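# Architecture and fold: a report
Below are the chains, spelled out letter by letter.
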Amino acid sequence: MTTAIAEKDTHTVSASNGPASPPARRNKRRRAFDEVPRWQIYLPVGFYLLFTLVPFYWMLLFSLRPAGSTSLVPWPITFDHFSKVWNDRSFSVFFQNSALIGVFTLICTTGVALAGGYALARFNFRIKQGFMLALLCSQFIPGALMLVPLFQIFKNLQMINSLGSVVIAETVFQLPLSIILISGFIKNVPYSLEEAAWVDGCSRLQAFRIVVLPMLRPGLIAVGSFAFVNSWNHFLFALMFLMDQEKQTIPVGLSTLIGADSVDFGALAAGGVISAVPVVIVFAFIQKWLITGFSAGAVKG
């Protein structure tokens, strides 16, 4: 009988330790991952970096080496192509116009997305699900389909050949995704924190400004940065709504460097470098927010 009791206890202990098998399997998978040869990891990453960085090097090469040179190393280095596109091809004006459109699109997109995201995250209304579905479905509509109605609207408003028309168009097309992202960030902020602020005498607006807004900093930076980069790189709206050359943007200015019979590769590469510098700076700035800031804003109650 003692033997039977011991066997029963052994089965009981084994059953009680049953849930421990998944961690054991995870440890086994972790050891298997650690035993993977490093070249199987570094080789695909190396191919990806080669595929990504070679076009950038090629662009720098054409922009820095003298005209007519076939060297694979930019030596002697010359900045004649940059001087040509910046002064002779009016890229200084294009750069200023693109910067104005990008900054105002950032401000408008972030402000409207913040209000819309808060409404979706904190309020329940009858058409909420339908509105969310409409936001998602709007992402499948290409901007080219809306050029004719937008042109008619801006023409009636006498906004053709105005930077404001491009800002409005860019903001409208970037709002759906921005509202969805901001709504997700606000949902991760505990509602009890706002209620505690109300108890302390704050209004809803004060509670939002004091409690919620600081936690949304990573999301606001990410949404604003993507709005700036997308408007900086967008070609179609600036081409259709801006007529005068002094109001064109950098993407349209780059297209003017491609002639019908010839292409100035040095000037085109220099213009590409000028257009890429702000984007690189923006992503270098928001990298720490994308890596560490998202988790800081996602507080669960």
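The structure this text deals with has already been given above.
The paragraphs below set out a description of the structure included in this document. All residue numbers refer to positions counted from 1 along the written sequence of the respective chain. Only residues with pLDDT of 70 or above have their local features reported here, since the model is predicted, and side-chain atom pairs are shown and tallied only from 80 upward, although totals for entire chains, interfaces and linings are computed over all residues. Side-chain numbers come from the whole structure's heavy atoms, not from hydrogens or water.

### Here's the deal with unusual backbone geometry
Short version of the rule: Helix and strand assignments follow DSSP, with helices taken as H or I runs no shorter than four residues and strands as E runs no shorter than two, numbered in order from the N terminus. For each residue, the accessible area found with a 1.4 Å probe, counting protein chains only, is set against the maximum for its type, and the residue is called buried under 20%, exposed over 50%, and partly exposed in between.
A positive phi is found at Ser-90, a non-glycine position, where the angle reads about 65°. Along the chain, Ser-90 turns up in the loop between α4 (80-88) and α5 (91-122). Residue Ser-90 is classed as partly exposed on the basis of its relative accessible area, which comes to 25%. The phi dihedral of Asn-161 is positive, around 65°, even though this residue is not glycine. You can see Asn-161 is positioned in the loop between α7 (147-156) and α8 (163-187).

### Regarding the side chain of Ser-63
Convention followed: By definition, residues are in contact when any of their heavy atoms lie within 4.5 Å.
By the secondary structure assignment, Ser-63 is in helix α3 (residues 39-64). Ser-63 gets classed as buried once you look at its relative accessible area, which sits at 0%. Every residue in contact with Ser-63, bar those within four places of it in the chain, is listed here: Thr-78, His-81, Phe-82, Gly-266, Ala-269, Ala-270 and Val-273.

### Topic: the packing of helix α9 (residues 191-199) against helix α10 (residues 204-215)
Which entries qualify depends on this criterion: Under this scheme, a helix contributes an axis fitted over its contacting stretch, all axes are lines through C-alpha atoms, and angles between N-to-C directions fall in the 0 to 180 degree range. Every angle not falling under 35 degrees, over 145, or within 65 to 115 is termed oblique; those three ranges are roughly parallel, roughly antiparallel and roughly perpendicular. Whether a crossing is left-handed or right-handed is set by the direction in which the near helix is turned from the far one by less than a right angle, anticlockwise for left-handed and clockwise for right-handed. Just so you know the grouping, Ala, Val, Leu, Ile, Met, Phe, Trp, Tyr, Cys and Pro go in nonpolar, Asp, Glu, Lys and Arg go in charged, and all remaining residues, Gly too, go in polar.
Taken N-terminus to C-terminus, the directions of α9 and α10 make an angle of 140°; their axes are 9 Å apart at the nearest point. The angle between α9 and α10 places the two elements in the oblique class. Relative to α10, α9 is oriented so that their crossing is right-handed. Across the interface between the two elements, Tyr-191, Leu-193, Glu-194, Ala-197 and Trp-198 from α9 touch Arg-204, Ala-207, Val-211, Val-212 and Met-215 from α10. Along the lines of polarity and charge, the residues of the contact of α9 with α10 split into eight nonpolar, no polar and two charged.

### Focus on the packing of aromatic side chains
Threshold: Only Phe, Tyr and Trp rings take part, Trp by its six-membered ring, and two of them pair if their centres are within 6.5 Å. Stacked means planes under 30 degrees apart, edge-to-face means over 60, and tilted covers everything else. Any Lys NZ or Arg CZ that is within 6 Å of a ring centre and within 35 degrees of that ring's normal is treated as a charge sitting over the ring.
Enumeration according to the criterion identifies 13 aromatic pairs in this entry. Chaining the aromatic ring pairs together yields one cluster made of Trp-86, Phe-95, Phe-228 and Trp-232. For Arg-65, the ring lying beneath its charged end belongs to Phe-62, and the centroid distance is 4.4 Å.

### Quick notes on the side chain of Gln-174
Tracing the sequence through the fold places Gln-174 in helix α8. A relative accessible area of 11% places Gln-174 in the buried class.

### A word on the nonpolar core
A general trend in soluble globular proteins is that nonpolar side chains are found buried together. Note the following rule: Residues belong to one nonpolar core when they are buried, are Ala, Val, Leu, Ile, Met, Phe, Trp, Tyr or Cys, and are joined through side-chain atoms within 4.5 Å.
Ranked by size, the top nonpolar core spans 18 residues in total, and within it Leu-114, Ile-179, Ile-182, Ile-186, Phe-208 and Leu-216 carry the most contacts. Of all the secondary-structure elements, those providing two or more residues to this core are α5, α6 (128-138), α8, α10 and α11 (217-233). Excluding anything up to four places from it in sequence, Ile-179 contacts Ala-113, Gly-116, Gly-117, Leu-120 and Leu-135. By size, the runner-up hydrophobic cluster in this structure holds 17 residues, among which are Phe-94, Val-229, Ala-267 and Val-279.

### Comments concerning α3
Note the following rule: Helix span, expected: 1.5 Å multiplied by one less than the number of residues in the helix. Note that the bend at a residue is defined as the angle between axes fitted to the seven residues ending at it and the seven residues starting at it.
When the terminal C-alpha atoms of α3 are compared, their 35 Å separation across 26 residues agrees well with the 38 Å that a helix rising 1.5 Å per residue should span. At Leu-53, α3 shows its strongest bend, of approximately 30°, with the proline Pro-55 following within four residues.

Honestly, that's just the spatial picture; any functional story needs more than this.
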